[in-house]
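Structure at a glance
The residues making up each chain are set out below.
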Amino acid sequence: MRYLITGATGFIGTHLCRALVARGDEVVALVRTPAKASNLPAAVEHLAGDLGLFADPSTRLPEVDVVVHLAGVVAAPSPEVYDQINYDAVVDLVACLERQSWKPKRLLFTSSLAAAGPSPRDRPHTEQDALAPIDPYGDAKARAERVVATATFPTTSFRPCIVFGPDDPATLTLFKSAQSGVGMRVGREPQRLSVVDVRDVVSAILAMSDDTREGHFTYYVSHPQATDLDAIWGAIGEAVGKRVRVLPVPAAVLRAIVPVATLGSKLLGITNQMDMKQYRQVSAPAFLCSSAALTKDLGWRAQHGLADALRNAVAGYRASGALPR
Ligand SMILES: NC(=O)c1ccc[n+]([C@@H]2O[C@H](COP(=O)([O-])OP(=O)(O)OC[C@H]3O[C@@H](n4cnc5c(N)ncnc54)[C@H](OP(=O)(O)O)[C@@H]3O)[C@@H](O)[C@H]2O)c1
């Protein structure tokens, strides 16, 4: 099959492109940063441009069977950017595809567990639960899902939980912190979390893109074994070969840091690592989800548990030199 992938040069996108090429599929990647495309297999065709391409009525996209929209912003410089990239660009993409003389057999949209908001500590979210996002990131993803479901062609929105794997700059900080022997959690009880290995996210995308059903579907993508932040620190420690001491930080202290971090990052022109989105996400009691529906409908199930995912991530970070040995 022929695929158009947005966000192909990102963490999940790079792993997806490699898997598709290995499977013998043709891949066209939207590339806005040519230097980052050097990580992609040589067989991947490049479509130069950014998400603004979809807002241009004269854009003619290369004809493909499946579009996988991975492009998105996870840590934005300001709340408005979550809306521009994670909502407006999705509206534009759907409208752009509707304008083409051809239609994809399926559009896959990468939403997030954040679209649903926190779960109870003892019950993972299922697709039947109402969406109640608590931050601008999750809110934009939730609204984008609703737009995707209006398309005249089949679509699947999928909601990964936290993804671990090699070459992800977003989680590298956790591994570096563990390597220095220190971890952090908010509040008295460790946050309960679902996690998933990037190899399993990729196999889920393959399963969803091979789906030939008409209509619109939504799935969570996670490993069935729920965990918590203390266990994650322990497992990262094992993966890097260091015992990690987890320091509890009161939520009120973290909340007080938000305006300082916001101002400081604006002054320094860097991405804020503790904005309201991050604060709300880390101080929620749980983000759990179940992939039982994806298993039931398409036979997909995660193959890699937490320890395996973290070992694989560490091997990748060390191979690239991102994490010292
Ligand atoms: N990683 C996770 O734990 C996780 C969990 C749940 C959901 N998700 C979702 O999964 C998707 C992929 O995540 P990721 O971790 O792979 O993120 P990532 O590594 O930050 O990659 C994001 C990709 O989006 C592209 N992008 C961003 N803004 C763009 C724009 N204006 N025009 C064109 N391309 C743009 C980036 O291009 P450049 O390479 O040029 O920067 C990059 O290729 C996102 O939608 C994210 O919300 C991720």
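Just above, that's the structure.
Model, not experiment: these values are computed from the prediction. (Residues numbered from 1 in each chain as written. Predicted model: local features only at pLDDT ≥ 70, side-chain atom pairs only at ≥ 80, totals over all residues. Heavy atoms only, no water.)

Helix and strand content of the chain: 10 helices and 14 strands. For 325 residues, the compact-globule estimate of 2.2 N^0.38 gives 20 Å, and the C-alpha radius of gyration of the chain, at 19 Å, lies within 12% of that figure. Looking at the chain as a whole, 51% of its 325 residues are labelled buried. In the chain, 77% of the contacts between residues at least 6 apart in sequence involve partners at least 24 apart. Averaging the coordinates of the 34 positive side-chain charges in the chain and doing the same for the 32 negative ones gives two points 6 Å apart. (Helix = DSSP H or I, 4+ residues; strand = E, 2+ residues; numbered from the N terminus. Rg over C-alpha atoms; globule rule 2.2 N^0.38 Å. Buried < 20%, exposed > 50% of the residue type's maximum accessible area, 1.4 Å probe, protein only. Contact = heavy atoms within 4.5 Å. Lys, Arg positive; Asp, Glu negative; His and termini not counted. Charge placed at Lys NZ, Arg CZ, Asp CG, Glu CD.)

In this section: the environment of Ala313. Within the secondary structure layout, Ala313 lies in helix 10 (residues 306–320). Considering only alpha carbons, one finds Ala313 and Ser177, 136 residues apart in sequence, at a separation of 15 Å.

Ordered in space as 3-2-1-4-5-6-11, the 7 strands form an open sheet in which the pairing is parallel. Bordering the open sheet on either side are strand 3 (45–48) and strand 11 (216–221), each of which pairs with just one other strand. The sheet shows a mean angle of 20 degrees between the axes of neighbouring strands, taken without regard to direction. Pairing between strand 5 (residues 106–110) and strand 6 (residues 155–160): 4 bridges, direction parallel. Bridge pairing in strand 6 links Leu108 to Thr156. Contacts from helix 2 (residues 79–99) reach strand 4 (66–69) and strand 5, with the element oriented near 175 degrees to strand 5. (Pairing = 2+ DSSP bridges. Axes fitted to C-alpha atoms, helices over the stretch in contact; angles between N-to-C directions.)

Attention shifts here to the site of the ligand. Taken together, 23 residues sit near the ligand, with Thr9, Phe11, Thr33, Tyr137 and Lys141 positioned nearest. A distance of 3.4 Å is found between an oxygen atom of the ligand and a backbone nitrogen or oxygen belonging to Gly7. Side-chain polar atom of Lys141 to an oxygen atom of the ligand: 2.8 Å apart, as the coordinates give it. Relative to its free-state accessible area of 900 Å², the ligand is covered by the protein chains to the extent of 86%. If you list the elements that add at least two residues to the shell around the ligand, you get helix 1 (11–23) and helix 3 (136–148). Here the residues of the shell around the ligand are counted per class, giving 11 nonpolar, 8 polar and 4 charged. (Near = heavy atom within 4 Å. Polar contact = N/O pair within 3.5 Å; in protein donor to acceptor, adjacent residues only side chain to side chain. Areas by Shrake-Rupley, 256 points an atom, 1.4 Å probe, with all protein chains shown as cover. Nonpolar A, V, L, I, M, F, W, Y, C, P; charged D, E, K, R; others polar.)

Below, the discussion takes up the pattern of salt bridges. Following the criterion strictly, the structure yields 17 salt bridges and no others. The salt bridge involving Asp297 is made with Arg213; its shortest N-O contact spans 3.7 Å. Of this pair, Asp297 sits in helix 9 (residues 292–298) while Arg213 sits in the loop between helix 5 (198–209) and strand 11, and the two are 84 residues apart along the sequence. For Asp297, a relative accessible area of 35% corresponds to the partly exposed category. With a relative accessible area of 28%, Arg213 lands in the partly exposed category. The network of salt bridges with shared partners includes Arg106, Asp211, Arg213, Lys296 and Asp297. (Salt bridge = Lys/Arg side-chain N within 4 Å of Asp/Glu carboxyl O.)

Let us look at the side chain of Asp65. As for its placement among the helices and strands, Asp65 is situated in the loop between strand 3 and strand 4. Excluding anything up to four places from it in sequence, Asp65 contacts Met1, Arg2, Pro104, Lys105 and Arg106.

What follows is about the packing of helix 2 against helix 3. The contact between helix 2 and helix 3 brings their axes to 8 Å, and the two run at 10 degrees. Taken together, the axes of helix 2 and helix 3 are roughly parallel relative to one another. Counting all contacts with helix 2, which are made through Pro79, Tyr82, Asp83, Asn86, Tyr87, Val90, Val91 and Val94, the residues of helix 3 involved are Pro136, Tyr137, Ala140, Lys141, Arg143, Ala144, Val147 and Val148. (Parallel < 35°, antiparallel > 145°, perpendicular 65-115°, else oblique.)

Now for the layout of surface pockets. In this structure, the second largest pocket encloses a volume near 180 Å³. If you go around the second largest pocket, you meet 15 residues; those closest to its centre are Ser222, His223, Pro224, Ser290 and Ser291. When grouped by side-chain class, the residues that make up the lining of the second largest pocket number 8 nonpolar, 6 polar and 1 charged. (1 Å grid on protein atoms, 1.4 Å probe; cavity = no way out; pocket = protein on both sides within 12 Å on 5 of 7 lines; lining within 4 Å. Points joined across faces, edges and corners; volume = space filled by probe spheres on them.)

The buried fraction of strand 6 amounts to 6 of the 6 residues, a majority that puts the element mostly inside the structure. Here strand 6 shows no split at all, with Thr155, Ser157 and Arg159 on one side and Thr156, Phe158 and Pro160 on the other all buried. Each parallel crossover has a hand, and the one from strand 5 via helix 3 to strand 6 is right-handed. (Right-handed = clockwise from strand over helix to strand, strands pointing away.)

The subject of this paragraph is the packing of aromatic side chains. We describe a pair of aromatic rings using the distance from one ring centre to the other and the angle between the two ring planes. Across all of its chains, the model carries 4 aromatic pairs by this definition. Taking 6.0 Å as the distance between ring centres and 70 degrees as the angle between the ring planes, the aromatic pair formed by Tyr82 and Tyr137 counts as edge-to-face. Taken together, the positions of Tyr82 in helix 2 and Tyr137 in helix 3 put the pair 55 residues apart, joining distant regions of the chain. Note on Tyr82: relative accessible area 1%, which makes it buried. Given a relative accessible area of 9%, Tyr137 falls into the buried group. Connected via pairs of aromatic rings, a cluster forms that spans Phe164, Phe175 and Tyr317. Sitting above the plane of the Phe217 ring, Arg213 keeps its charged end 3.8 Å from the centroid. (Phe/Tyr/Trp six-rings, centres within 6.5 Å; stacked < 30°, edge-to-face > 60°. Lys NZ or Arg CZ within 6 Å of the ring centre and 35° of its normal.)

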